[in-house]
Amino acid sequence: MKRYSVLLMFCLSLLFTMKSVHVQAENYPYRSDILWTTIPNHADWLYKAGEKATIEVTFLKYGIPRDCEVEFQLAQDMLKPFKNGKVHLKNGRAKIEVGTMNKPGFLDCVLKANVDGTVYTHHVKVGFSPEKLTPTTKNPSDFDIFWQKTLQDARKQQPLEYTMKKVERYSDQEIDCYLVKLKVDRTHSVYAYLTKPTKKGSYPVVLCPPGAGVKTIKEPMRHSYYARNGMIRMEMEIHGINPELSEEDFKDVRSAFSEYLDMGLDNRENYYMRHVYTACVRAIDFLTSLDEWDGKNTIVQGGSQGGALSLITAALDKRVTLSVVNHPALSEMAGYANGGTGGYPHFVKKNGMQTPEKIKTMAYYDVVNFARRITCPVYMTWGFNDNTCPPTTSYMVWNLLQGPKDSLITPINEHWTSDATEYGQMVYIKNHLK
């Protein structure tokens, strides 16, 4: 059953902000002299296809409304502009007639103002019947067979094998932290930081795959509140790079993986992300082997690429009991090739990425095809102003989910979630344990 948790999240946001007074809202720029506000005439920024949208635009400098000329462009989500125009702000304010779409989708209104010799930009997206958006990505007939064989081969090549080393600098009286090295298959390993309560007992396990990029595990203690609230949390990387490498050594390694999302895309057997998806399931193998696992609750949680991997893991492994996701990447990846909006990493906008072989491979790795297969509950959040993982593709994923699902839709958000939202996800997990 679809339920919107906006009131709950708002209360949590207020509570968490009071605890962390230095948290800054990213849409009110920190120590910035200027502020844009964009207010659609529908409070939820959503319209039925065919309805006309209007956006009230305000520009302030030093908190004072400024009269100026604002240029605007209108485009379908992530596609080329189809209209240019200008409005003159009076008392710092004007209305823009955005128009409508006769099919499901999003319109993006990009704004530009030259004030006192400096150009300022902003944008706002509004949706039209997005609950009817469907992907163009094909569902391969042998999709399930391919992934079943992939996982079987990995387990056959490599029985569960790992090392755990306690990390004293991240441990205290309440939680223990361990650096884990987990073998994925014959040739690949991944690293992770595992945090768990020091008190003996049985606990839910939470797997947290990473966002995109070649980077170390950032701030391992940033989400220590999972362990402090009675959960075992595993924050992993996907490239087999030890997070304890020195920064100098890490820079040398990073260059070898810079285009990993392109590697081997001509063939589904050789694509780089094959062992990454497998690694997430092997991580579940590891977590459910722990003596401290409660035997009931197995959660996956992440954002962007991590959100994609969380949904993918939930589809591939029926031991997953809940998937908690922010703006999933790797969704409708071939969308541009089919004349529509595509998701991160926006493959088909790059030269040489529109070959039939590559598009065929994408279908085996696209989140939309995993979303079709998820049966566990999903809690998902996304924003409309996101140009990395656009709302069009997030809705495509959401619309395909057939099991129980809750959402937190945050229209103004670009490609970020607040500390309060992330803390609220932990609270959501805690409140939905078996």
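Above this text is the structure in question.
Residues numbered from 1 in each chain as written. Predicted model: local features only at pLDDT ≥ 70, side-chain atom pairs only at ≥ 80, totals over all residues. Heavy atoms only, no water.

Visitor: Break down the pairing of strand E6 (residues 69-76) for me, citing the residues and quoting the values.
Guide: Residues in a regular strand project their side chains so that they alternate between the two faces of the sheet. The pairing of E6 with strand E7 (residues 81-88) spans 7 bridges and is classified as antiparallel. Directly across from Ala75, in E7, lies its bridge partner Pro81. Counted along the chain from E6 to the antiparallel partner E7, the turn is 4 residues long, and its residue Met78 has a positive phi close to 70 degrees. By the bridge criterion, 7 bridges tie E6 to strand E9 (residues 105-115) in an arrangement that is antiparallel. Residue pairing in the sheet places Gln76 in a bridge with Leu107 of E9. (Pairing = 2+ DSSP bridges. Helix = DSSP H or I, 4+ residues; strand = E, 2+ residues; numbered from the N terminus.)

Visitor: I'd love a proper account of the pattern of salt bridges, names of residues and values included.
Guide: On inspection of all chains with the given rule, the structure shows 25 salt bridges. For Asp116, the salt bridge identified is with Arg66, shortest N-O distance 3.1 Å. Of this pair, Asp116 sits in the loop between E9 and strand E10 (118-128) while Arg66 is found in the loop between strand E5 (64-65) and E6, placing the two residues 50 residues apart along the sequence. The class of Arg66 is partly exposed, set by a relative accessible area of 25%. Between Lys196 and Glu292 there is a salt bridge; the shortest N-O distance is 2.5 Å. With Lys196 in strand E13 (residues 189-197) and Glu292 in the loop between helix H5 (273-287) and strand E16 (293-303), this residue pair connects regions lying 96 residues apart in the sequence. (Salt bridge = Lys/Arg side-chain N within 4 Å of Asp/Glu carboxyl O. Buried < 20%, exposed > 50% of the residue type's maximum accessible area, 1.4 Å probe, protein only.)

Visitor: Describe empty space enclosed by the protein, listing the residues and the values that go with them.
Guide: Enumeration according to the criterion identifies 1 cavity of 30 Å³ or more in this entry. Every residue lining the largest cavity is listed: Cys177, Tyr193, Thr195, Pro220, Arg233 and Glu235. For the lining of the largest cavity, the secondary-structure elements that each account for two or more residues are E13 and strand E15 (232-236). Per-class residue counts for the lining of the largest cavity are 3 nonpolar, 1 polar and 2 charged. (1 Å grid on protein atoms, 1.4 Å probe; cavity = no way out; pocket = protein on both sides within 12 Å on 5 of 7 lines; lining within 4 Å. Points joined across faces, edges and corners; volume = space filled by probe spheres on them. Nonpolar A, V, L, I, M, F, W, Y, C, P; charged D, E, K, R; others polar.)

Visitor: Talk me through helix H9 (residues 391-400); I want residue IDs and the actual numbers.
Guide: Among the 10 residues that make up H9, 9 are buried, leaving the element largely enclosed by the rest of the structure. Among the residues of H9, those classed as buried are Pro391, Thr392, Thr393, Ser394, Tyr395, Met396, Val397, Trp398 and Leu400.

Visitor: Give a detailed account of the packing of aromatic side chains, specifying residues and quantitative values.
Guide: For the coordinates displayed, the defined rule picks out 26 aromatic pairs. Note on Phe143 and Tyr364: the rings are 6.4 Å apart at their centroids and 10 degrees apart in plane angle, and the pair reads as stacked. Placement of Phe143 in helix H2 (residues 143-157) and of Tyr364 in helix H7 (residues 356-365) is noted, with a sequence separation of 221 residues between them. By the burial criterion, Phe143 is buried, and Tyr364 matches it. Feature note: the residues Phe143, Phe146, Trp147, Tyr271, Tyr277, Tyr364, Tyr365 and Phe370 constitute an aromatic cluster, connected by ring pairs. Of note, Arg233 hangs over the ring of Tyr226, and the distance from its end group to the ring centre comes to 5.1 Å. Across from the ring centre of Tyr364, 4.8 Å away, lies the NZ or CZ of Arg268, which sits over that ring. (Phe/Tyr/Trp six-rings, centres within 6.5 Å; stacked < 30°, edge-to-face > 60°. Lys NZ or Arg CZ within 6 Å of the ring centre and 35° of its normal.)

Visitor: Tell me about the side chain of His239, and name the residues and values.
Guide: Mapped onto the secondary structure, His239 falls in the loop between E15 and helix H4 (247-254). Given the relative accessible area of 9%, His239 is considered buried. In this structure the side chain of His239 is engaged in a polar contact, spanning 2.6 Å, whose partner is the side chain of Tyr272. When residues no more than four places from it in sequence are discounted, the contact partners of His239 are Ser189, Gly213, Val214, Phe257, Tyr260 and Tyr272. (Polar contact = N/O pair within 3.5 Å; in protein donor to acceptor, adjacent residues only side chain to side chain. Contact = heavy atoms within 4.5 Å.)

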